[in-house]
Amino acid sequence: MTARGILDAPPALPLLLGAVALGAYAAFGADEYALRVLSTAGTFALLVMGYQFVFGHLGALSLAQGAFFGLGAYATAILSSRYGLDFSVSFPVSIAVPVIAAAIVAAPVLRLETHYFALATLVLAQGALVAVLNWETLTGGANGLPGVGAVRIGDLAVARGLPMAAFVWCAVGLGALLAWRLVHGASGMAFACLRDRPLAAAALGLDGAHARHGAFLMSAAYGGAAGALHAHLSGVVSPESIEFPVMVSCLTMAVIGGRARVAGAIIGALLLAHLPEWFRGFERTYLIAYGAAALAAVILAPAGLAELFERAWDRLRTHHPALPTPSRPATAPRRAATSAALALDKASKRFGGVVAVDGVTLDLKAGEILALIGANGSGKSTLINLATGFAAPDGGRIAVDGEDVTGDPAHAVARRGVARTFQATDLVEDSSALDNVALACAARVGPERLTNWRPHGRGGMAAARAEARWWLARFGGAQTEGQKARELPAGARRLVECARAAARNPLALVLDEPGAGLSAAEKTALAERLRELARDGTGILIADHDTEFLFAIADRVACLDRGRLVALGSPQDVRTDPAVIAAYLGNAP
Ligand code: ADP
Ligand code: MG
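Residues numbered from 1 in each chain as written. Chains lettered and ligands numbered in written order. Predicted model: local features only at pLDDT ≥ 70, side-chain atom pairs only at ≥ 80, totals over all residues. Heavy atoms only, no water.

## Examining the overall build of the chain
Okay, so step 1: Counting its regular elements, the chain contains 25 helices and 12 strands.
Okay, so step 2: Along the first, second and third principal axes, the C-alpha set of the chain runs to 90 × 60 × 45 Å.
Okay, so step 3: Pairs at least 24 apart in sequence give 77% of the contacts found in the chain among residues at least 6 apart.
Okay, so step 4: With the model as given, the accessible surface of the chain reaches about 25500 Å², and the carbon-plus-sulfur share is 62%.
Okay, so step 5: Side-chain charges of the chain comprise 50 positive and 47 negative groups, with the mean position of each set lying 2 Å from the other. (Helix = DSSP H or I, 4+ residues; strand = E, 2+ residues; numbered from the N terminus. Contact = heavy atoms within 4.5 Å. Areas by Shrake-Rupley, 256 points an atom, 1.4 Å probe, with all protein chains shown as cover. Lys, Arg positive; Asp, Glu negative; His and termini not counted. Charge placed at Lys NZ, Arg CZ, Asp CG, Glu CD.)

Next up, the structure:
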């Protein structure tokens, strides 16, 4: 590998350098006490890695991570000191116990919105503490369990000191490798989308509850493993292992190190485990110094230290890897089996006293472009939300390709072949235009695969990106593909969103004001693309304010007035319909 080649292969090189430095320090620079601190940092690194799944990647504030650590520690203490069981038995059980606890509370808890989720996990944590304190015969109550021996696997005992430090950090390495395999590539993008843009994620067929469920169980597994190793390390397990300060340490490490970077867990744990040692000399002002250092880290690197290092590393790199050549999707356009790709039957939706959609019966045929017009507030967006599963109707039914989907969640409707855009563009702002579309390509193949917390093979992302380049170029976004969504002007954002929806190869493509913010030339190009998609068999439902743009491409036009469908027919008929002129067009040509 050339020097440039090595520099271009992150994150392997910085990680390797870090590992070598850590190994050299452990072997040559650390005394018995320092090795203990280092090993403790390793167990916390594992704890934080687990916490990142649920808190960092999916943005759910769990307060149960400390309890998972404690449950793992107690399981190990009970099995190894009471029953003298081998590490090969006690370790898996110490992982299984918190996972089972998590699974029991997961089903009801994961449906809760953020702060209720935090509260529910806090209840789990308190419940675990109460159980430990009161089940004295098993846990030793407030005194805890002393005499947890060293790790023993068959005849092999891992001595305290350097061997144990090496053992713990091997576990950290394995845990890091697995964590990275679980969260990189398309899955990582799916998690970021679920965290930052949950509506867009649902429109791509991604199931947030499914992702959070897996993340919560994985966080418990890592927590249990961390607690088990920590029990062997310290030799005693007391209620302190399961009390709230463990959770606070974990949260602090995750925030300071970096919420969604594996390296962040390691950096956060190493730093926070060593800060008290470094500041020991401050005696009385120790806590103030410690707090100030932590605060400084948060202010200087709000996204975490790992990201700060990553950005510095990116600047060192001489050039960025070439993008794959655009490739036309291999799959044929989806075709509706029935004549109606999407059908509303007497669908209604009210908000308090407002009837936003009032008994609308409308079907979108495969391969047709159906325009939806009406004044502001006439119910176009609400109708689109009903048709795509983003709102449940109060009355009436919704069907996709002849199958009833009334009341189904948006991601389930999306999986049946419905794609949409939003009136206010909904992109993952920190991702590039290309990756926003690439996620749709990756999710099309199997949205459930992206959130099932299993490692996937390599190469999936490269193929998705190659295809995304084709879609973006098709929608006129070739020049902006490398830019972050947040940097794009309004028109470019619309086109990225249209490309993302079209890349799902839907039966029904539903667009809410895609023309807003586009130049005349961009609109003409978009119209051409939509005609092509319709020719391939996609049914397109499109709401917009530019009636000329709509009338030029629509096969049929539907007009809403205060939630009611007042006209439906060919553009010529609707244009001259007195009800439409009265409700919307006025004296416009
Ligand atoms: P359009 O897209 O045609 O401008 P909307 O579907 O956004 O119309 O709105 C239709 C009516 O429903 C409006 O009166 C609007 O104020 C009301 N409405 C839409 N969404 C909500 C909501 N989430 N809560 C309350 N009222 C809403
Ligand atoms: Mg609207």
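## Notes on the site of ligand 1
Okay, so step 1: Close contacts around ligand 1 come from Phe351, Val354, Ala356, Ala375, Asn376, Gly377, Ser378, Gly379, Lys380, Ser381 and Thr382, and that covers them all.
Okay, so step 2: Within the contact set of ligand 1, an oxygen atom lies 3.3 Å away from a backbone nitrogen or oxygen of serine 378.
Okay, so step 3: Look at ligand 1: alone it shows 560 Å² of surface, and the protein chains cover 59% of it.
Okay, so step 4: Elements with a minimum of two residues in the shell around ligand 1: strand 4 (354–365) and helix 16 (380–388).
Okay, so step 5: Ranked by the residues each element gives to the shell around ligand 1, the list is headed by helix 16, at three residues.
Okay, so step 6: Looking at the shell around ligand 1, its residues break down into four nonpolar, six polar and one charged. (Near = heavy atom within 4 Å. Polar contact = N/O pair within 3.5 Å; in protein donor to acceptor, adjacent residues only side chain to side chain. Nonpolar A, V, L, I, M, F, W, Y, C, P; charged D, E, K, R; others polar.)

## Quick word on the coordination of the magnesium ion (ligand 2)
Okay, so step 1: For the magnesium ion (ligand 2), the full set of protein donor atoms is Ser381 (OG) and Gln423 (OE1), and the range of their distances to it is 2.1 Å. Residue serine 381 is found in helix 16, and its partner glutamine 423 is found in the loop between strand 8 (418–420) and helix 18 (433–445); the two are separated by 42 residues along the sequence.
Okay, so step 2: The class for glutamine 423 is partly exposed, based on a relative accessible area of 36%. (Donors = N, O, S within 2.8 Å, 3.2 Å for Na, K, Ca; no water. Buried < 20%, exposed > 50% of the residue type's maximum accessible area, 1.4 Å probe, protein only.)

## Considering the domain arrangement of the chain
Okay, so step 1: Segmenting the chain into domains produces domain 1 (13–316) and domain 2 (342–585).
Okay, so step 2: Averaged C-alpha coordinates put domain 1 and domain 2 at centres separated by 42 Å.
Okay, so step 3: Across the boundary between the two partners, domain 1 contributes 29 residues, which contact 32 residues of domain 2.
Okay, so step 4: Of the roughly 2600 Å² buried where domain 1 meets domain 2, counting both sides, 71% is carbon and sulfur surface.
Okay, so step 5: One salt bridge connects arginine 197 with glutamate 429, and the closest N-O pair in it is separated by 3.9 Å.
Okay, so step 6: Linking domain 1 to domain 2 there are eight residue pairs in polar contact (both at pLDDT 80 or more). (Domains from an automatic or database assignment. Buried area = accessible area lost by both parts, 1.4 Å probe. Salt bridge = Lys/Arg side-chain N within 4 Å of Asp/Glu carboxyl O.)

## Some thoughts on helix 9 (residues 185–196)
Okay, so step 1: The first and last C-alpha atoms of helix 9 sit 17 Å apart over 12 residues, in line with the 16 Å expected at 1.5 Å per residue.
Okay, so step 2: Here helix 9 lies mainly inside the structure; nine of its 12 residues are buried.
Okay, so step 3: Buried within helix 9 we find Ala186, Ser187, Gly188, Met189, Ala190, Phe191, Ala192, Cys193 and Leu194. (Expected span 1.5 Å × (residues − 1).)

## Topic: the sheet that holds strand 12 (residues 564–569)
Okay, so step 1: Pairing is mixed in the open sheet, where six strands are placed in the order 8-9-10-5-11-12. Of all the strands in the sheet, just strand 8 and strand 12 have a single pairing partner and so form its edges. Each adjacent strand pair in this sheet contributes to an overall mean axis angle of 20 degrees, direction not counted.
Okay, so step 2: In this structure, strand 5 (residues 369–373) lies alongside strand 11 (residues 556–561), joined through four bridges in parallel fashion. Bridge assignment links leucine 370 to a residue of strand 11, and that residue is arginine 556.
Okay, so step 3: The sheet contacts of helix 16 involve strand 5, strand 8, strand 9 (508–512), strand 10 (539–543) and strand 11, and relative to strand 9 the element is tilted by about 150 degrees.
Okay, so step 4: Across the sheet, helix 25 (residues 578–585) lies against strand 5, strand 11 and strand 12, angled at about 60 degrees from strand 11, the strand it touches most. (Pairing = 2+ DSSP bridges. Axes fitted to C-alpha atoms, helices over the stretch in contact; angles between N-to-C directions.)

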